[in-house]
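In case you want the letters, here they are:
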Amino acid sequence: VRRASPTGGLDAIPGVTPMLSFAELWVGYDRGKGWIGVGTQDRWMGPGRHGTLLLSDNAVAPWMLNGGVDGHLPGVLGVIGRFRAEAGVGFLTEPRRDVPNPGLLMMDFRWMPHPVVEIGVNRLAMFGGEGRPNVDIGQLLVPSEPHVYDDPDKTLPDQNELATVNFRVNAPLHKWFGGPFGHLAGWWEYGGEDMILRDLGTIEYPSLAGVGNLYGGELAIGPVVLTGEYSRLMDDYYRWYVGHRVYHDGFTQNGRVLGHFGGPDSETTWAQLAVWGERWRVRASGDIVRRIGVIEASNDAIFTLPTEEERLRGSLGADMLLRGAWWSASYSLANVTGEDFIPGNDGIEHRFVVGVDL
């Protein structure tokens, strides 16, 4: 099986910059219920609609060797529900300031005990890279000793990972009760910047440190769909995505976070109203993104820049199906204060996008 999804475009202001990228460039064996292959693929791990904590299309997708299975267990065990499991290993090949070409391990496990409910467990881990020590395969797969201490020269391997647990409920109200209501959905994603061990008496158990949360909900009333989402990544001592002992650039490519577009030390609130037709759709949305400039976390003290960055944005968009292709146009207007955490660095941003999906 070979799959390719190229995207071309022109950034018009300032100047004219051509762009070509691949949302998917993958070759392998795919039988639907099982697959294995190699390539690059935009991914969206987790139930979030506007952002997701672990892995999204915000940055260039890493090149990976990946494989997985999807389906029900055989025989009477099929009543347990549907399972999906995928794992991949690859490298972050885009330019970085800390460690060139570190390795990346991805795990994605989902269970749907009923069509209304989905539960997911996801993990990303970084390892190796130029100038870094050899990885302990056992610790990479099962991080029972995730931290290394008393290693000022950084000669010992140390885990750098993100892990999330997520839940999604999607109730088909129209199917159950009839009437104007289509569906009611809700989701929660809970994650940590590192896996740690806590003590319960004489028993050690794994836990998440540097906690982040994402909450969302959606209601459909006839052709109208109302969606809202909130995320908070502000456990500054552990620093989501960046600032790790070994990999200071963390889970980024070209300075862009692999997960939520808000980035480290951010809080995001978003709402959207959309109207759907058979061959068209229109949408209006607004979001507020607040970011804190953390300088350092030391001995339980957090040092930050005096100015926060805040972006208040509104967007309008429309899509239409013509001759087998979806044509789209959108416009957004944003008011930015304290950009890059610089006092007085305020301004207005405009963005107009037109596109066609063949």
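Here's a quick rundown of the structure.

What counts, and where the lines are drawn
Residues numbered from 1 in each chain as written. Predicted model: local features only at pLDDT ≥ 70, side-chain atom pairs only at ≥ 80, totals over all residues. Heavy atoms only, no water. Salt bridge = Lys/Arg side-chain N within 4 Å of Asp/Glu carboxyl O. Helix = DSSP H or I, 4+ residues; strand = E, 2+ residues; numbered from the N terminus. Buried < 20%, exposed > 50% of the residue type's maximum accessible area, 1.4 Å probe, protein only. Core = buried A, V, L, I, M, F, W, Y, C linked by side-chain atoms within 4.5 Å. Polar contact = N/O pair within 3.5 Å; in protein donor to acceptor, adjacent residues only side chain to side chain. Patch = residues over 30% accessible without salt bridge, like charges linked within 9 Å, V, L, I, M, F, W, Y side chains within 5 Å. Areas by Shrake-Rupley, 256 points an atom, 1.4 Å probe, with all protein chains shown as cover. Phe/Tyr/Trp six-rings, centres within 6.5 Å; stacked < 30°, edge-to-face > 60°. Lys NZ or Arg CZ within 6 Å of the ring centre and 35° of its normal.

Another aspect to go through is the pattern of salt bridges. Evaluation of the coordinates by the stated rule reveals 22 salt bridges. Ionic pairing is found between aspartate 319 and arginine 281, a salt bridge with its closest N-O pair at 3.3 Å. With aspartate 319 in strand 18 (residues 309-322) and arginine 281 in strand 15 (residues 280-291), this residue pair connects regions lying 38 residues apart in the sequence. Residue class for aspartate 319 comes out buried when judged on its relative accessible area of 10%.

Now for the nonpolar core. By size, the foremost hydrophobic cluster in this structure holds 25 residues, and its most contacted members are Leu104, Leu124, Tyr241, Phe251 and Leu258. At the level of elements, strand 6 (103-114), strand 7 (117-127) and strand 9 (181-200) are the ones that each hand at least two residues to this core. Core analysis: the next-biggest nonpolar cluster, separate from the first, contains 5 residues, Leu105, Met107, Ala125 and Phe127 among them.

Looking at the secondary structure, you find serine 231 in strand 11 (residues 224-233). Under the relative-accessibility criterion, serine 231 is labelled buried at 2%. Polar side-chain contacts of serine 231 include one of 3.3 Å to the side chain of histidine 260.

Right, let's talk about a nonpolar patch on the surface for a bit. Together, Trp280, Val282, Met320, Leu322, Trp327, Val356 and Leu358 give the surface a local cluster of nonpolar side chains, amounting to about 720 Å² of exposed area. Among the elements of the structure, strand 15 and strand 18 are those that each provide at least two residues to the nonpolar patch. For tryptophan 327, the location among the structural elements is in strand 19 (residues 325-337). For tryptophan 327, a relative accessible area of 46% translates into the label partly exposed.

This next bit is on the packing of aromatic side chains. The final tally for this structure, using the stated rule, is 6 aromatic pairs. The interplanar angle of 55 degrees and the centroid separation of 5.8 Å between the aromatic rings of tryptophan 188 and tyrosine 190 together place this pair among those described as tilted. With a centroid separation of 5.4 Å and 70 degrees between ring planes, the pair formed by tryptophan 240 and tyrosine 241 is classed as edge-to-face. Taking relative accessible area as the criterion, tyrosine 241 reaches 1% and is therefore assigned buried. Members of the aromatic cluster, joined through ring pairs, are Phe167, Trp188, Tyr190 and Tyr215. One residue, arginine 281, lies across the ring of tryptophan 326, its end atom 4.3 Å from the ring centre.

A separate point is unusual backbone geometry. Negative phi characterises most residues that are not glycine, and trans characterises most peptide bonds. The phi dihedral of arginine 323 falls on the positive side, at around 50 degrees, and the residue is not glycine. Within the secondary structure layout, arginine 323 lies in the loop between strand 18 and strand 19. When its relative accessible area of 86% is taken as the criterion, arginine 323 is described as exposed. Notably, aspartate 340 is not glycine yet its phi reads approximately 60 degrees, a positive angle.

All quantities given are derived from atomic positions and should not be read as evidence of function.
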